Amino acid sequence: FSRKFNDPYCNTAGSKPGFQISSEENETFTGETAGDRVSEEKPKNLDSVPDQEHKPKNKVDLSSLIDLKAEEEYRKYIKPKSEEEGYALRAVIKYLYLQRSWLSPGDENLDKPRSCEGKGVYVYDLPSKFNRDLLVGCNDILPGVDLCSYFKNEGFGEAIKNLGKGWFATHMYSLEPILHSRVLKHPCRVYNESQAKLFYVPYYGGYDVLRWHYRNVSEDVKDRLGIEVLKWLESKESWRRNAGKDHVFVLGKITWDFRRDKVPWGSRFLELQEMQNPTKLLIERQPWQVNDIAIPHPTYFHPRTDDDITSWQIKIMSKPRPHLVSFAGGARPENPDNIRSTLIEQCVSSSSNQCRFLDCTNGGCKNPKNVLDLFQDSEFCLQPPGDSATRRSVFDSLISGCIPVIFTPYTAYYQYAWHLPEDHRRYSVYISEQDVKEKRVNVVEILKAKTLREKKDMRSYIIHQLLPGLVYGDSNAKFEKFRDAFDITFDSLLEKIN
């Protein structure tokens, strides 16, 4: 459990900010099936790619290198059906590599006090109507649903005592209060705006938009509070000085809830001109917006110390896993393009009970222990898209040591540039969504073919190297060996601003 296990250079599978290209990248991906990979040529100037540790013979412009990588990688998962789709895929990957260039290397020695020189974080004291007041009506944010228990313990929810220390019934949309509580105790927090490098805006936009989802209100009502917070900021010299470029918003829902277009759902907050410069942290980003940064969904595990993390790592590394595959979710019969029904059919019809299905449509997933027990008993966890591309379940499976099976790169690979490595083969299996949809493959049979060594290597990588950086410690967390999801996020934000 040494420090290197949580070093972002490890987390990017050897890909440093100089984008050193691994010789493995032209190999066939583990778990790929028909139509996933097309022939590609290696770039001709790999020798000129800069490396952080050795001076290159020939320097390459970072922008040109990112373009080169985008050209090489854009057909890796999806074969574009048109020229326009090809351009879109290149843009997705280009922005992803640009975001990786902002990934903070972290402190060289986590045992020593960190330096805050030039890294001041200023937290605006917004009027409470923009954050805390939105939680007061917790029993009426969603019609007929009481969310009050989820707002306890600084957004972690109620403690789950039968799971042990550090486990809470955390709601999937709790990112805003969790990060707000944590940033208030950031070691580099400053109280003078002139000393700040980064400005944090604690506007709970996710709860603002959530309260109108199922109510018949006008678009003006849905947009009102977001417009008001921007007017409040425009009165500040700190905002006007850099046009918001050094400001960050945390929005605890998916980006599409803030990009209302033809469908009368959500707000248009992220489409406003004033919101183009700031950085937005979300659980799901818009792949064509470089200032949209995806960070992990909150899980149920919120450790406070290194020992909390290492104890959990030891437990799940040695956990027997009697099931090859599992899927926790529900079908989407109203959506014929969704592959969930096909996956459920393949799962329940598998021989020797190799695949277990937990039906979430009947409330079976409301108890976190049911889901976590299933994932801890399984080698692989199926993670098809649901209402959107990403799933909280991906992170629940990862912290349980269950290898996620991904069906579209938009679920993880095109999302979490700071928290998941570039080489997805280290922590997941990819199977083409199109192949499943057209029933060209049987997912259970593909996973049966994985060797014991493959499974062990992936699980070890997930547990020892990825897990600490995927969980949010509580506001009093004291980590010496590890950097959690919050640390990685804010260190990289400061790198981005610099």
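This is a predicted model, so every value here is computed, not measured. (Residues numbered from 1 in each chain as written. Predicted model: local features only at pLDDT ≥ 70, side-chain atom pairs only at ≥ 80, totals over all residues. Heavy atoms only, no water.)

Trainee: Tell me about the packing of aromatic side chains, and please be specific about residues and values.
Mentor: Per the counting criterion, the structure on display carries 25 aromatic pairs. Their ring planes at 80 degrees and their centres at 6.4 Å tell us that Tyr413 and Tyr427 sit as a pair that is edge-to-face. Of the two residues, Tyr413 is situated in the loop between strand E10 (403-406) and strand E11 (429-430) and Tyr427 in the loop between E10 and E11; the sequence distance between them amounts to 14 residues. Using a relative accessible area of 1% as the deciding quantity, one classes Tyr427 as buried. An aromatic cluster is defined as three or more aromatic residues linked by ring pairs; in this entry it consists of Tyr77, Trp288, Tyr410, Tyr413, Tyr414, Tyr427 and Tyr430. The ring of Tyr173 has Lys253 lying over it, and the distance from NZ or CZ to the ring centre is 4.6 Å. (Phe/Tyr/Trp six-rings, centres within 6.5 Å; stacked < 30°, edge-to-face > 60°. Helix = DSSP H or I, 4+ residues; strand = E, 2+ residues; numbered from the N terminus. Buried < 20%, exposed > 50% of the residue type's maximum accessible area, 1.4 Å probe, protein only. Lys NZ or Arg CZ within 6 Å of the ring centre and 35° of its normal.)

Trainee: Talk me through the sheet that holds strand E1 (residues 121-123); I want residue IDs and the actual numbers.
Mentor: Within the open sheet, the 6 strands sit side by side as E2-E1-E3-E4-E5-E6. Their pairing is parallel. A single partner strand is all that each edge strand has here, and the edge strands are strand E2 (189-190) and strand E6 (292-294). Pairing analysis gives 3 bridges linking strand E3 (residues 198-201) to strand E4 (residues 247-254), with the strands arranged parallel. Across the sheet, residue Val201 finds its bridge partner in E4, namely Phe249. (Pairing = 2+ DSSP bridges.)

Trainee: Break down the pattern of salt bridges for me, citing the residues and quoting the values.
Mentor: Applying the stated rule across the entire model yields 30 salt bridges. The partner of Glu228 in a salt bridge is Lys129, with the nearest N and O atoms 2.7 Å apart. Note that Glu228 is positioned in helix H7 (residues 219-234) and Lys129 in the loop between E1 and helix H4 (132-136), a separation of 99 residues in sequence. With a closest N to O distance of 2.6 Å, Glu379 and Arg459 form a salt bridge. Placement of Glu379 in strand E9 (residues 378-383) and of Arg459 in helix H15 (residues 452-466) is noted, with a sequence separation of 80 residues between them. Judged by its relative accessible area of 13%, Glu379 is buried. Overall, the relative accessible area of 8% leaves Arg459 in the buried class. Through salt bridges that share partners, Glu219, Asp223, Arg260 and Arg268 make up one connected network. (Salt bridge = Lys/Arg side-chain N within 4 Å of Asp/Glu carboxyl O.)

Trainee: Mind laying out the pairing of E3, listing which residues take part and the relevant values?
Mentor: Of the two faces of E3, the one lined by Leu198 and Tyr200 and the one lined by Phe199 and Val201 are each fully buried. Bridging between E1 and E3 involves 3 bridges; their strand directions are parallel. Along E3, the bridge assignment pairs Val121 with Leu198.

Trainee: Pulling in residues and values, what's your account of the packing of helix H9 (residues 306-317) against H15?
Mentor: Running from N to C, H9 and H15 cross one another at 165 degrees; their axes reach a closest spacing of 10 Å. Classified by the angle their axes make, H9 and H15 are roughly antiparallel. Handedness of the H9/H15 crossing: right-handed. Residues Gln313, Ile316 and Met317 of H9 lie in contact with H15, whose contacting residues are Lys456, Arg459, Ser460, Ile463 and His464. Of the residues belonging to the contact of H9 with H15, the class tally is 3 nonpolar, 3 polar and 2 charged. (Axes fitted to C-alpha atoms, helices over the stretch in contact; angles between N-to-C directions. Parallel < 35°, antiparallel > 145°, perpendicular 65-115°, else oblique. Left-handed = near helix turned anticlockwise from the far one by under 90°. Contact = heavy atoms within 4.5 Å. Nonpolar A, V, L, I, M, F, W, Y, C, P; charged D, E, K, R; others polar.)

Trainee: I'd like to hear about the state of the cysteines, residue by residue, with values.
Mentor: Overall, the coordinates contain 5 disulfides when judged by the stated rule. The disulfide partner of Cys138 is Cys148, and the gap between their sulfur atoms is 1.9 Å. On the S-S bond that ties Cys138 to Cys148, the torsion sits near 90 degrees, and the link is right-handed. Taken together, the positions of Cys138 in the loop between H4 and helix H5 (175-183) and Cys148 in the loop between H4 and H5 put the pair 10 residues apart, joining distant regions of the chain. In this model Cys381 forms its disulfide with Cys402; the gap between the sulfur atoms is 2.1 Å. Across the S-S bond of Cys381 and Cys402 the torsion is about 115 degrees, and the bridge reads as right-handed. Of this pair, Cys381 sits in strand E9 while Cys402 sits in the loop between helix H12 (392-399) and E10; the two residues are 21 residues apart in sequence, bridging distant segments of the chain. (Disulfide = S-S within 2.5 Å.)

Trainee: A description of the side chain of Thr342 should follow, citing residues and the corresponding values.
Mentor: Inspection of the secondary structure assignment puts Thr342 in helix H10 (residues 340-348). A relative accessible area of 13% means that Thr342 is categorised as buried. In this structure Thr342 touches Val436 and Lys439, once residues within four positions along its chain are discounted.

Trainee: Quick rundown of the sheet that holds E10? Include the residues and the values.
Mentor: Spatially, E8-E7-E9-E10-E11 is the arrangement adopted by the 5 strands of the open sheet, whose pairing is parallel. Sheet topology places strand E8 (355-359) and E11 at the edges, where each strand pairs with a single neighbour. Examined bridge by bridge, E9 and E10 share 4 bridges and lie parallel to one another. The residue of E10 that forms the bridge with Leu382 is Val405.

Trainee: Report on the packing of helix H2 (residues 62-73) against helix H3 (residues 83-100), specifying residues and quantitative values.
Mentor: One can describe the packing of H2 onto H3 by two numbers: an axis separation of 8 Å at closest approach and a directional angle of 135 degrees. Overall, the two elements H2 and H3 adopt an arrangement that is oblique. Every pair of crossing elements has a handedness; the one defined by H2 and H3 is right-handed. On H3, the residues that touch Ile66, Asp67, Lys69, Ala70, Glu71 and Glu73 of H2 are Arg90, Ile93, Lys94, Tyr97 and Leu98. Grouping the amino acids of the contact of H2 with H3 by side-chain chemistry returns 5 nonpolar, no polar and 6 charged.

Trainee: Explain a nonpolar patch on the surface to me, using residue names and the numbers behind them.
Mentor: Together, Tyr214, Val263 and Trp265 make up an exposed nonpolar region whose accessible area comes to about 340 Å². Mapping Trp265 onto the fold places it in the loop between E4 and strand E5 (279-284). Overall, the relative accessible area of 33% leaves Trp265 in the partly exposed class. (Patch = residues over 30% accessible without salt bridge, like charges linked within 9 Å, V, L, I, M, F, W, Y side chains within 5 Å. Areas by Shrake-Rupley, 256 points an atom, 1.4 Å probe, with all protein chains shown as cover.)

Trainee: An account of unusual backbone geometry is requested, with residue identities and associated values reported.
Mentor: Trans is the prevailing form of peptide bonds, just as negative phi is the prevailing case for residues other than glycine. Positive phi, normally seen in glycine, also occurs at Asn153, with a value near 55 degrees. By the secondary structure assignment, Asn153 is in the loop between H4 and H5. The class for Asn153 is partly exposed, based on a relative accessible area of 42%. One non-glycine residue, Glu154, adopts positive backbone phi at about 55 degrees. Structurally, Glu154 can be placed in the loop between H4 and H5.

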